[in-house]
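# Residue-level structure breakdown
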Amino acid sequence: MFTYLLHRLIQMVIVLFLLSLGTYYLLGLMPGDPVELLITSNPKVKPEDIQRLKKVYGLDQPIYIRYFKWLKQVTLEGDLGFSRTYKKPTSEILKIRIWNTLKLMTLSFLLSLIIAIPIGVYSAIQQYSTFDYFANLMAFLGISVPTFWSGILAILFFSVQLQWFPAGGMFTIGIDSWLDQLKYLILPTVVLSIESISGWSRYIRSSMLEVLHEDYIRTARAKGVSEKKIIFYHAFRNALIPTVTILALSIPGLFSGALITETIFAWPGMGRLLYDSVMGSDYYVAMLCFLSLGFLTLIFNFLADILYAIVDPRIRVLKEST
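In what follows, the accompanying structure is described. (Residues numbered from 1 in each chain as written. Predicted model: local features only at pLDDT ≥ 70, side-chain atom pairs only at ≥ 80, totals over all residues. Heavy atoms only, no water.)

Further remarks concern the packing of aromatic side chains. With the rule as written, the count across this model stands at 10 aromatic pairs. Taking the centre distance of 5.2 Å and the plane angle of 70° together, the rings of Tyr67 and Phe68 count as edge-to-face. For Tyr67, a relative accessible area of 1% puts it in the buried group. Every member of this aromatic cluster is reached through a ring pair, and the members are Phe17, Tyr24, Tyr67, Phe68 and Trp70. The aromatic ring of Tyr233 is capped on one face by Lys229, whose charged end is 5.9 Å from the ring centroid. (Phe/Tyr/Trp six-rings, centres within 6.5 Å; stacked < 30°, edge-to-face > 60°. Buried < 20%, exposed > 50% of the residue type's maximum accessible area, 1.4 Å probe, protein only. Lys NZ or Arg CZ within 6 Å of the ring centre and 35° of its normal.)

Laid out in structure tokens, this is it:
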């Protein structure tokens, strides 16, 4: 097991290195570096000043040299760079933004789990019932409607028409209370959860249906085991194995969804930071935002492998033997 985990960690480092290389190269191809912005804002700037500024920013060197200098700066010196947009060290900005996004993501993840699991399990038990048809209809609707559209509808209905929740932001100026912040969290959390609830409930229903038709479930029923024990001990436990992978891999997807949700609700998190940094050609911040998303994807893949071994002893034995 230790050897397997070590191999996975080495693979993660290699993938992260290749991801950073590709992202740096693509961002380097984008127009709008600091010198170009200076020339646009001041056409009278002298050619010698342009050359001097390119040397200061390192733009007179090939892109691969710039990349390895940046890599050394980040990994060996611990310097994440300086944001041109926010006029602050990137580490200071990321610290606040990651925390804000984690608050939104954690609530959304828990809400999605609490709603999706009972719906998926009950739909499978009551297959082809009115509840099952209604749950399927709502799930298809939730998957089909884009996040930006449901976000705008939520603002129009709950903020403009009913005035129950604020349309955007994170807190009311002058009020330092968790209840006040909770009001600002409710709408973005619900909007971000709609797609997850729809997708996860469908997946859990399918997994449960597959397990409920297995021979060992029929055998358990023939032996007189109670239906409650069959559902929650035998069927649900085995249906969790493929579900764990979907849940673990969906978490980075939630961060991507947060980009749109945070932009619509003006929530100062990682998603909005990524959008602002790309639009403002703030390369240091954009690089670290992309790498954070890549790192999260790898970490949750890794966690999915560990959870596999926990919920399915057969996989644990196989990994130990390899």
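So, on to helix H11 (residues 270–279). Buried residues of H11: Met270, Gly271, Leu273, Leu274 and Ser277, and no others. Seen along its axis, H11 keeps its buried residues to an arc of 160°; they face one direction. After H11 finishes, the residue Ser281 shows a positive phi value of roughly 55°. (Helix = DSSP H or I, 4+ residues; strand = E, 2+ residues; numbered from the N terminus. Arc of directions from axis to C-beta.)

Another aspect to go through is the nonpolar core. Counting residues in hydrophobic clusters, the biggest one holds 17 residues, and the most contacted among them are Tyr24, Trp70, Leu94, Met270, Leu273, Met287 and Cys289. The element that contributes the greatest number of residues to this core is helix H12 (residues 283–311), accounting for 6 residues. If we ignore the near neighbours within four places in the chain, the residues touching Leu94 are Leu80, Met270, Leu273 and Leu288. In this structure, Leu209, Leu212, Ala220 and Ala239 belong to the second largest nonpolar core, which totals 14 residues. (Core = buried A, V, L, I, M, F, W, Y, C linked by side-chain atoms within 4.5 Å. Contact = heavy atoms within 4.5 Å.)

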